[in-house]
Amino acid sequence: MNPPLAIVLKVLSALVFTVMSAGIKYVGDRFPVGEIVFFRSFFMLLPLIAWLAWQGQVRAALRTRNVMGHLRRGIMSSSSMFLNFLALAYLPLTDAVTLGYTAPLLVVVLAAVVLKEKVQAYRWIGTGIGFTGVVVMLSPHLSGGSLLAGGAAGIGVAIALAGALLTAGALIQVRRLIDTETTGAIIFYMSLMTSALGFVTILGGWVMPTVEEAALLIAIGIVGGLGQILLTMSFRYGDASLLAPFDYTTMLWACLFGWIIFADWPLPAVFLGGAIVIASGLFIVWRERVEAAHHRHALAHSTLTYTTLTQTPAAVEHELAPAPVAAQAQRTPPRAV
């Protein structure tokens, strides 16, 4: 573990993904969404395969025992990518990125409904607060019924929320895949299937890019692949609970790029609602860490008590467990936590 390095990698991944989103928004009015999805997914494979080869995990990434699981994840990921890219064409960069924060909140709901997980009360509280923040962000569009009346902003909000829902569904499917699949396999097959589904849209008509535009589209894919590698590496050096708050640095980058490149500055409601959503996410992360610390303390206390009651003086002297305890430990493996 190397927490400082993990944080640096996580922040860099947030920066790289925001650069990718800015690039997608920049070309969004010139190319069909399906064409952008193809370039984003196909050329992501270049740095990904190079990284897997460097790690010696190419064969592991190709090996799978759950083809249907990858298919379901690929369909949901592709659909969410289509919708998220389309939302960038209707909304300012910061608004689209901030609405994407609803996906982790929706994961909590889907985990309870689909996976039948027992969701702790604090998660429901944090999720409720987060959705309050979403309503605050939408308040400029809700006033006077403008959201329901349509228009570019209203369409963009609806598309972004639908994309967040599908992103949450894809994350739930990833939870199922990790039981049998490697990280490389999950990323590789998602990219492969999304590339294939994006390529099918060529039947609806693509736009022939210029050399400069083709270079930009390819760069979007490569940058997306680099962001995925940085994100994966960050979890190798730090715990997920430590890194989760740094997801929200994407909002800072989105504000900066939106202002410099697109001359868009978010409305105060977006800042306020985004702050509420971020606070709800940080609250859940904090409670997760508190619960984990209590669990470790309780486990250590119960282990110490059990050892004290069962060890004999001779065993303590020679730092060996007595035979009955050792035999019981062999019969009953420790529970995974």
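Since the structure is predicted, the reported quantities are computational estimates derived from the model, not experimental observations.

Points about the overall build of the protein chain
And step 1. Secondary structure assignment for the protein chain yields 17 helices and 0 strands.
And step 2. The buried share among the 337 residues of the protein chain stands at 41%.
And step 3. Summed over all atoms, the accessible surface of the protein chain reaches about 17,900 Å², with 70% contributed by carbon and sulfur.

As for the pattern of salt bridges
And step 1. Taken as a whole and assessed by the stated rule, the structure comprises 2 salt bridges.
And step 2. One salt bridge connects arginine 30 with aspartate 29, and the closest N-O pair in it is separated by 3.8 Å.
And step 3. The class of arginine 30 is partly exposed, set by a relative accessible area of 34%.
And step 4. Accessibility expressed as a relative area gives 68% for aspartate 29, which makes it exposed.
And step 5. With a shortest N-O distance of 3.4 Å, arginine 30 and glutamate 213 are connected by a salt bridge. Taken together, the residues span a long stretch of sequence, with arginine 30 in the loop between helix 1 (3-27) and helix 2 (33-42) and glutamate 213 in helix 12 (residues 211-237) at a distance of 183 residues.
And step 6. Salt bridges sharing common partners tie together Asp29, Arg30 and Glu213.

Brief notes about the packing of helix 2 against helix 11 (residues 183-200)
And step 1. Helix 11 packs onto helix 2 with a crossing angle of 155° between their chain directions and a minimal axis gap of 8 Å. One way to sum up the angle between helix 2 and helix 11 is to call them roughly antiparallel. Regarding helix 2 and helix 11, the two cross each other, and that crossing is left-handed. Along its contact with helix 2, which presents Gly34, Val37, Phe38, Ser41 and Phe42, the element helix 11 presents Ser191, Thr194, Ser195, Gly198 and Phe199.

With respect to helix 11
And step 1. With 18 residues, helix 11 ought to run about 26 Å at 1.5 Å a step, and its terminal C-alpha atoms sit 26 Å apart, in line with that.
And step 2. Among the residues of helix 11, those classed as buried are Gly184, Ala185, Ile186, Ile187, Phe188, Tyr189, Met190, Ser191, Met193, Thr194, Ser195 and Gly198.

Focus: a nonpolar patch on the surface
And step 1. Together, Tyr26, Leu256, Trp259, Ile260, Ile261, Trp265 and Phe271 make up an exposed nonpolar region whose accessible area comes to about 760 Å².
And step 2. Considering each element in turn, the nonpolar patch owes the most residues, 4 residues, to helix 14 (residues 249-262).
And step 3. Here leucine 256 is to be found in helix 14.

Comments concerning the packing of aromatic side chains
And step 1. Applying the stated rule across the entire model yields 10 aromatic pairs.
And step 2. Aromatic pair phenylalanine 188 and tyrosine 189: ring centres 5.2 Å apart, planes at 80°, arrangement edge-to-face.
And step 3. For tyrosine 189, a relative accessible area of 17% translates into the label buried.
And step 4. Judged by centre distance (5.9 Å) and plane angle (90°), the ring pair of phenylalanine 199 and tryptophan 206 falls under edge-to-face.
And step 5. For phenylalanine 199, a relative accessible area of 42% gives the class partly exposed.
And step 6. Residue tryptophan 206 is classed as partly exposed on the basis of its relative accessible area, which comes to 23%.
And step 7. Linked through ring pairs, Phe38, Phe39, Phe42, Phe43, Phe199 and Trp206 together constitute an aromatic cluster.
And step 8. Geometry around phenylalanine 262 places lysine 25 over its ring, the cationic atom sitting 5.5 Å from the centre.

Observations regarding unusual backbone geometry
And step 1. Positive phi, normally seen in glycine, also occurs at alanine 263, with a value near 55°.
And step 2. Note that alanine 263 resides in the loop between helix 14 and helix 15 (268-310).
And step 3. By relative accessible area, alanine 263 is classed as exposed at 66%.

Digging into the nonpolar core
Inside soluble globular proteins, nonpolar side chains tend to come together where they are buried.
And step 1. Counting 37 residues, the largest nonpolar core has Ile24, Ile36, Phe85, Leu93, Leu99 and Tyr101 as its most contacted members.
And step 2. The residues touching isoleucine 24, leaving out its near neighbours within four places in the chain, are Ile36, Phe85, Leu88 and Ile220.
And step 3. Grouped together as the second largest cluster of nonpolar side chains are 12 residues, Ala61, Ala185, Tyr189 and Ile229 included.

Considerations on the environment of valine 108
And step 1. Inspection of the secondary structure assignment puts valine 108 in helix 7 (residues 102-113).
And step 2. Take valine 108: its relative accessible area is 13%, and that puts it in the buried class.
And step 3. C-alpha separation for the pair valine 108 and valine 119, spaced 11 residues apart in sequence, amounts to 7.4 Å.
And step 4. Contact partners of valine 108, with chain neighbours within four places excluded, come to Val119, Arg123, Trp124 and Thr127.

Structural notes on the side chain of threonine 98
And step 1. Looking at the element boundaries, threonine 98 is found in helix 6 (residues 93-99).
And step 2. The buried category is assigned to threonine 98, whose relative accessible area is 0%.
And step 3. When neighbours within four sequence positions are excluded, threonine 98 is seen to be in contact with Met137, Met251, Val270 and Gly274.

Parameters at a glance
Residues numbered from 1 in each chain as written. Predicted model: local features only at pLDDT ≥ 70, side-chain atom pairs only at ≥ 80, totals over all residues. Heavy atoms only, no water. Helix = DSSP H or I, 4+ residues; strand = E, 2+ residues; numbered from the N terminus. Buried < 20%, exposed > 50% of the residue type's maximum accessible area, 1.4 Å probe, protein only. Areas by Shrake-Rupley, 256 points an atom, 1.4 Å probe, with all protein chains shown as cover. Salt bridge = Lys/Arg side-chain N within 4 Å of Asp/Glu carboxyl O. Axes fitted to C-alpha atoms, helices over the stretch in contact; angles between N-to-C directions. Parallel < 35°, antiparallel > 145°, perpendicular 65-115°, else oblique. Left-handed = near helix turned anticlockwise from the far one by under 90°. Contact = heavy atoms within 4.5 Å. Expected span 1.5 Å × (residues − 1). Patch = residues over 30% accessible without salt bridge, like charges linked within 9 Å, V, L, I, M, F, W, Y side chains within 5 Å. Phe/Tyr/Trp six-rings, centres within 6.5 Å; stacked < 30°, edge-to-face > 60°. Lys NZ or Arg CZ within 6 Å of the ring centre and 35° of its normal. Core = buried A, V, L, I, M, F, W, Y, C linked by side-chain atoms within 4.5 Å.

Structural measurements only, silent on function.
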